[in-house]
Amino acid sequence: MFEKSALDALFDELADLWGGSADYDQLLRDAHLGIALADARRDFDGEVDGRVVELIKKHRASD
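All values derive from a computational prediction rather than experimental measurement. (Residues numbered from 1 in each chain as written. Predicted model: local features only at pLDDT ≥ 70, side-chain atom pairs only at ≥ 80, totals over all residues. Heavy atoms only, no water.)

1. A closer look at the confidence of the model for the protein
At step 1: Taken as a whole, the protein shows an average pLDDT of 94; of its residues, 97% reach a score of 70 or greater.
At step 2: Looking across the protein, the model is least confident in helix H3 (residues 50-59), with a mean pLDDT of 95, and most confident in helix H1 (residues 4-18), with 97. (pLDDT = per-residue confidence, 0-100. Helix = DSSP H or I, 4+ residues; strand = E, 2+ residues; numbered from the N terminus.)

Spelled out as structure tokens, the structure:
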């Protein structure tokens, strides 16, 4: 499960990396979906953009 600090770091990094890109809104939607799937312990690879998958894997708590 994601802690608030991890969520803040994930969204900050997402904004820093792709905040000005044309697909930033889609990346935000994918991040929300990926986080929900990760918290539900469901596979999110293939469901969300690969850039978001990498951030989720980087910032989620080890189980």
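Read on for the rest.
2. Overview of the side chain of His 59
At step 1: Position of His 59 among the secondary structure elements: in helix H3.
At step 2: Overall, His 59 belongs to the buried group, its relative accessible area being 16%.
At step 3: There is a polar contact of 2.7 Å between the side chain of His 59 and the side chain of Glu 13.
At step 4: Excluding anything up to four places from it in sequence, His 59 contacts Phe 2, Ala 6, Ala 9, Leu 10 and Glu 13. (Buried < 20%, exposed > 50% of the residue type's maximum accessible area, 1.4 Å probe, protein only. Polar contact = N/O pair within 3.5 Å; in protein donor to acceptor, adjacent residues only side chain to side chain. Contact = heavy atoms within 4.5 Å.)

3. Thoughts on the packing of H1 against helix H2 (residues 24-39)
Each packed pair of helices is defined by two parameters, the angle between the axes and the distance between the axes.
At step 1: Put simply, H1 and H2 touch, their axes get as near as 11 Å, and they point 155° apart. Between H1 and H2, the angle is such that the two are roughly antiparallel. In terms of crossing hand, the pair formed by H1 and H2 is right-handed. Facing H1, whose interface residues are Leu 7, Leu 10, Phe 11, Leu 14, Ala 15 and Trp 18, H2 presents Tyr 24, Leu 27, Leu 28, Ala 31, His 32 and Ile 35. (Axes fitted to C-alpha atoms, helices over the stretch in contact; angles between N-to-C directions. Parallel < 35°, antiparallel > 145°, perpendicular 65-115°, else oblique. Left-handed = near helix turned anticlockwise from the far one by under 90°.)

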